[in-house]
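So you can see what is in the structure, the chains are spelled out below.
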Amino acid sequence: LICFVIGAKPVPSFHGKRIVKWLLEDAAAVSTRDRGSERELRRMGLGGEIPVTGDSALFLEPAAIDKETLGKSKLESLDHPVAICPRALSPDHRAHYHTPLTNANIIKMRRNIATAADCIAERGHDVVFIPMHQVPGDDDTAEIAEIRGMMHQPSTVAAHPGSPEKAMRILQRMELVLGLRLHSLILGANAGTPIVGIDYDPKIWGFMEQAEAEDCLTRVDDLPEALTRQIADALDNHTTIKRKLMKNCQRMKTLIKQESQRIPEIIDREHNTAGKG
């Protein structure tokens, strides 16, 4: 069993912790994509070496996008686009794979994003909502409609990118990404686009910590001014943030490569040990 750059969230039950520890303690290798995940595994009692690397999605390369696709995405004519990538959130957090949130939390986040989007538009930028995920019960377009209904300024809804590689190319064209979808932040950072997020789930903090972008996170209960201020700062310091993100993404990729180079050795060792047995 090899667990390669995994994510781990808090496991509240005593029995759940014991099961996770039991499953992983005899693994040939365990590595995590962020320090928060490593800390959670330690809390469950897992010992041994747990290298911390980064998310494997950092190795995606942006795909070429033709003019027809850009036209469908409504992006070709925009001069100063800023992407907003929300996600479906629900008090039924298990259905949506996020930490518990009350309905009041969710409405507050929507209002904060709507207020921030209006401020972005008032600064002369084009607000572009990008649905990263579209399946029944977990459809970003429904969340986008809720947020747009709270806005006063115009905005655009892009077509679904169609693939992670195309999503990365689209985010590369943006001047900033405000993301609730984890991989909108990962792909945006890897493309060198400044990112801003809301810390509603440990995996968001985990990536932002690895990218050294914790100062670009607001809390769920923050006032909307905190989010608009972070966005303004990121837009004003675009070049500096781009350089920092690309440097840190490269560092994470180096760590992932180092961990991947251990895997063949581990497989050979385990295979030889099994053969002798």
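Residues numbered from 1 in each chain as written. Predicted model: local features only at pLDDT ≥ 70, side-chain atom pairs only at ≥ 80, totals over all residues. Heavy atoms only, no water.

**Q** Any chance you could explain the packing of helix H5 (residues 103–122) against helix H10 (residues 224–236) here in plain terms?
**A** Two quantities define a packed helix pair, namely the angle between the helix axes and the distance between the axes. Between H5 and H10, the least distance of the axes is 9 Å, while the angle of their chain directions is 40°. As summarised for this structure, H5 and H10 are arranged oblique, according to the angle between their axes. Crossing of H5 over H10 shows right-handed handedness. Facing H5, whose interface residues are Asn112, Ile113, Thr115, Ala116, Cys119 and Ile120, H10 presents Pro224, Leu227, Thr228 and Ile231. Per-class residue counts for the contact of H5 with H10 are seven nonpolar, three polar and no charged. (Axes fitted to C-alpha atoms, helices over the stretch in contact; angles between N-to-C directions. Helix = DSSP H or I, 4+ residues; strand = E, 2+ residues; numbered from the N terminus. Parallel < 35°, antiparallel > 145°, perpendicular 65-115°, else oblique. Left-handed = near helix turned anticlockwise from the far one by under 90°. Contact = heavy atoms within 4.5 Å. Nonpolar A, V, L, I, M, F, W, Y, C, P; charged D, E, K, R; others polar.)

**Q** Honestly, the nonpolar core in this entry has me stumped. Any pointers?
**A** Considering soluble globular proteins, one finds that nonpolar side chains tend to be buried as a cluster. Counting residues in hydrophobic clusters, the biggest one holds 65 residues, and the most contacted among them are Ile130, Phe207, Met208 and Ile231. The element contributing the most residues to this core is H5, with eight residues. Non-local contacts of Phe207, meaning those with residues more than four positions away in its chain, are made with Asp34, Leu58, Leu182, Leu185, Ile186, Ala189, Ile195 and Met252. Residues Cys3, Val30, Leu46 and Ile50 belong to the second largest nonpolar core, which totals nine residues. (Core = buried A, V, L, I, M, F, W, Y, C linked by side-chain atoms within 4.5 Å. Buried < 20%, exposed > 50% of the residue type's maximum accessible area, 1.4 Å probe, protein only.)

**Q** Looking at this structure, I do not really get the sheet that holds strand E3 (residues 81–85). What am I missing?
**A** Hydrogen bonds between backbone atoms are what pair the strands of a sheet, whose relative direction is either parallel or antiparallel. An order of E7-E4-E3-E8-E9-E10 is seen for the six strands of this open sheet, with the pairing classed as parallel. If you trace the sheet from one side to the other, it starts and ends with strand E7 (156–157) and strand E10 (217–219), each paired once. Of the strand pairs in this sheet, strand E4 (residues 126–129) and E7 are connected by two bridges, and their pairing is parallel. Across the sheet, Val128 pairs through a bridge with Thr156, a residue of E7. With respect to the sheet, helix H9 (residues 202–210) is in contact with strand E9 (195–199) and E10, its orientation differing from that of E9 by roughly 145°. (Pairing = 2+ DSSP bridges.)

**Q** What exactly am I supposed to notice about empty space enclosed by the protein here?
**A** Empty space among the atoms can be located by rolling a probe the size of a water molecule over them. One pass over the full model with this rule turns up one cavity of 30 Å³ or more. Empty space within the largest cavity amounts to approximately 50 Å³. Considering the residues around the largest cavity, the lining is formed by Arg33, Asp34, Gly54, Asp55, Leu182, Ile186, Lys203, Gly206, Phe207, Gln210 and Met252. Breaking the lining of the largest cavity down by element, the ones donating at least two residues are helix H8 (182–190) and H9. Counting residues per element, the lining of the largest cavity draws most heavily on H9, which supplies four residues. Tallied by class, the residues present in the lining of the largest cavity amount to four nonpolar, three polar and four charged. (1 Å grid on protein atoms, 1.4 Å probe; cavity = no way out; pocket = protein on both sides within 12 Å on 5 of 7 lines; lining within 4 Å. Points joined across faces, edges and corners; volume = space filled by probe spheres on them.)

**Q** Would you mind showing me how to read the packing of H8 against H9 here?
**A** Where H8 contacts H9, the two axes come as close as 10 Å, and the packing angle between them is 10°. If you check the angle between H8 and H9, you find them roughly parallel. Between H8 and H9 lies a crossing of right-handed hand. From H8, Leu182, Leu185, Ile186 and Ala189 reach across to H9, where they touch Lys203, Ile204, Phe207 and Met208. Among the residues making up the contact of H8 with H9, the classes are represented as seven nonpolar, no polar and one charged.

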